[in-house]
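Here's the letter readout for the chains.
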2 protein chains.
Amino acid sequence: MEQRKPVILISNDDGITAPGIRALVEAVKDLGRVVVVAPDSPQSGMGHAITIGDPLRLHRSDIFDGVESWECSGTPADCVKLARDKILHEKPDLCLSGINHGPNHSINVIYSGTMSAAMEAAIEGIPSAGISLFNFAHDADFSVAAAVARIVAIKMLGQKMPPHTLLNVNIPNVTAATYKGMKICRQAYARWEEQFDSRKDPRGKDYYWMVGKFMNMDEGTGTDVEALSDGYASVVPVTIDFTNYTTKSWLEQEWAGSNE
Amino acid sequence: MEQRKPVILISNDDGITAPGIRALVEAVKDLGRVVVVAPDSPQSGMGHAITIGDPLRLHRSDIFDGVESWECSGTPADCVKLARDKILHEKPDLCLSGINHGPNHSINVIYSGTMSAAMEAAIEGIPSAGISLFNFAHDADFSVAAAVARIVAIKMLGQKMPPHTLLNVNIPNVTAATYKGMKICRQAYARWEEQFDSRKDPRGKDYYWMVGKFMNMDEGTGTDVEALSDGYASVVPVTIDFTNYTTKSWLEQEWAGSNE
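Fair warning: this is a prediction, and the values are worked out from it, not measured in the lab.

Student: Describe the interface of chain A and chain B, and please don't skip the residues or the numbers.
Tutor: Counting from both sides, the interface comprises 64 residues of chain A and, opposite them, 64 residues of chain B. Of all the elements in the fold, those that place two or more residues in the side of chain A that touches chain B are α2 (76-88), α3 (113-123), β8 (182-184), β9 (190-200), β10 (206-216), β11 (233-237) and α6 (245-254) of chain A. If one sorts the elements of the side of chain A that touches chain B by residue count, α6(A) sits on top with seven residues.

Quick look at the structure:
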């Protein structure tokens, strides 16, 4: 009796030609039927954007040898939505997004196109993980990150995951020799302190470039930022229920009766 | 001794000329110093996108009588970031986003530009609320929603809110006579079932329009979807810590030891 091969959907936000997605495809392509649906251009910082006011395009690509792949004119979340309806016609067993050039730890989960593809899959009930490497260089070495992605994929395919499992996996910029392993973490409380760089265009008008300074405000332990700085890969399970139950209890007490 | 007037930052995702933001400005402009920083064009479905690859523009606007206002070329999240650094030079006491044409209940919080402005403020420690009306019509009557927004603003300015308070407020499409009040809710588990409408362009090539069907999969009570269908305004406190602590415990047990 032949076992059905698991279907693995791969996307990213750096675009289909980025080296990170190639490393990811190579790392997992023997684990099942891999299908790539990725943006045709970089989509970094797109958060969970979806395209509702413009039509979407989808083109077959042949850039991955022996792996079905498509490039899409939309955002990472669009890619996952389109893959499900127009390409796979079935629910994949796993969705992987990445490998991103640059980390998506802590609050970056909310700005990240990489994580938005994974989140879209999780909303649809597909176990998923976003994989990001703490290295912005275009010639970054993805080998450790690819090995971690493979371990994560094998684990996620090998057991029944909790409903709507969505993992935010970040890999430190280390070599195989200095890599310490994975740590299950919570999201650090951190934010970007924006300073906008003001400039004048050739017509004398002001414009601004966003330049942010990352601020880790978290003084506790067990965070993704801490794990990464200690040389571990951080694995943060991410929720799709955004209710703040602590504040909900507070409001129920404080605002009761006065609302109607 | 003169009391300092609270500073209220207002943004939205439908753009600065939308009737919803006008209704919001009118509803709260006597509660403090109101400053509007809103996109110069509609940004619906932008999720928590930020603009990192393009410069941003900011122009003074005079469309609100007696209220300082600015239009920005970026996303709702960009507006809040720029407002803080280039316009206010101080932390506002409250950020309001909306009033959106159309609801942002349940999972829509993640796709919503309206909520992304409010979420950006909450990340920065500014108490904030996104306000949305369950009515897509351009000539929608915002009067009930504006009254609710005013109540929420007065409450949020009048007491010390928990850290990073972020409220997702949705108002049903009712009249003042049939409006039942506010309910503190949790986010319903729901999703969009996408079907992409396939078409051929004049050159015979395929393109796709996203058309989704909203599916409420939540069988429990106390959700925002339930409150809205019962004629209440729903108030869901939203977290900025996206860690799924239940799955975290599961992973700590199931994946322990095997990671290193």
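Student: Before we move on, can you summarise the sheet that holds strand β8 (residues 182-184) of chain B with the specific residues and values?
Tutor: Residue and element names in this part refer to chain B. Strand order across the open sheet formed by nine strands is β3-β4-β2-β1-β5-β6-β7-β11-β8, with mixed pairing between neighbours. Two strands bound the open sheet, and with one partner strand each, they are β3 (58-61) and β8. Within the sheet, the average angular offset between the axes of one strand and its neighbour, ignoring direction, is 20 degrees. Bridging between strand β1 (residues 7-11) and strand β2 (residues 33-39) involves four bridges; their strand directions are parallel. Residue I8 lies in a different strand from β2, and its bridge partner there is V34. Across the sheet, helix α1 (residues 19-28) touches β1, β2, β5 (94-101) and β6 (128-133), and the angle it forms with β5 is around 140 degrees.

Student: So what's going on with the sheet that holds β11(A)? Which residues, and what values?
Tutor: All names here are of chain A. Here nine strands make up an open sheet; going across it, the order is β3-β4-β2-β1-β5-β6-β7-β11-β8 and the pairing mixed. Taken across any chain shown, the strands that pair with only one partner, and hence form the sheet edges, are β3 (58-61) and β8. Each strand of the sheet is rotated relative to its neighbour by a mean of 20 degrees, with strand direction disregarded. In the packing of helix α4 (residues 143-158) onto the sheet, contacts are made with β1 (7-11), β5 (94-101), β6 (128-133), β7 (166-171), β8 and β11, and the angle to β5 comes to roughly 165 degrees.

Student: Any chance you could break down α1(B) for me, citing the residues and the numbers?
Tutor: All names here are of chain B. In terms of burial, α1 is a largely internal element, seven of the ten residues being buried. Of all the positions in α1, only G20, I21, A23, L24, V25, A27 and V28 are classed as buried. At its buried positions, α1 is contacted by β1, β2, β5, β6 and α4 (143-158).

Student: So, the pairing of β1(B): which residues are in play, and what are the values?
Tutor: Residues and elements named next belong to chain B. Taken across its five residues, β1 has four buried, putting it largely inside the fold. Note that β1 and β5 share four bridges and pair parallel. Each bridged residue has a counterpart across the sheet, and for I8 the counterpart in β5 is L94.

Student: Break down the pairing of β7(A) for me, with residues and values.
Tutor: All names here are of chain A. Of all six residues making up β7, six are buried, and the element is well covered by its neighbours. Because side chains alternate across β7, one face comprises the buried residues L166, N168 and N170, and the other comprises L167, V169 and I171, equally buried. Here six bridges tie β6 to β7, and the two strands are oriented parallel to one another. The partner of S132 across the bridge, within β7, is N170. Read as a crossover between parallel neighbours, the route from β6 over α4 to β7 is left-handed. The pairing of β7 with β11 spans four bridges and is antiparallel. Paired with L167 across the two strands is P237, which belongs to β11.

Student: Tell me what's going on with the environment of A:S11, and back it up with residues and numbers.
Tutor: Residues and elements named next belong to chain A. One can find S11 in strand β1. A tally of 35 C-beta atoms within 10 Å means that S11 is categorised as buried. For the pair S11 and T114, spaced 103 residues apart in sequence, the C-alpha to C-alpha distance is 7.8 Å. Once residues within four sequence positions are removed from consideration, S11 is found in contact with V37, A38, P76, C79, V80, S97 and A117.

Student: Tell me about the relation of the copies chain A and chain B, residues and numbers included.
Tutor: Superposition of chain A onto chain B requires a rotation of 180 degrees combined with a translation of 0.0 Å along the rotation axis, giving an RMSD of 0.0 Å. Viewed as a symmetry operation, the transformation between the two copies matches a two-fold axis. Looking at chain A, 100% of its interface residues are interface residues in chain B too, so the copies touch through the same face.

About the cut-offs
Residues numbered from 1 in each chain as written. Chains lettered and ligands numbered in written order. Predicted model: local features only at pLDDT ≥ 70, side-chain atom pairs only at ≥ 80, totals over all residues. Contact = placed C-beta atoms within 7 Å. Helix = DSSP H or I, 4+ residues; strand = E, 2+ residues; numbered from the N terminus. Pairing = 2+ DSSP bridges. Axes fitted to C-alpha atoms, helices over the stretch in contact; angles between N-to-C directions. Buried ≥ 20, exposed ≤ 12 C-beta atoms within 10 Å, placed from the backbone. Right-handed = clockwise from strand over helix to strand, strands pointing away. Least-squares fit on C-alpha atoms with pLDDT ≥ 70 in both.

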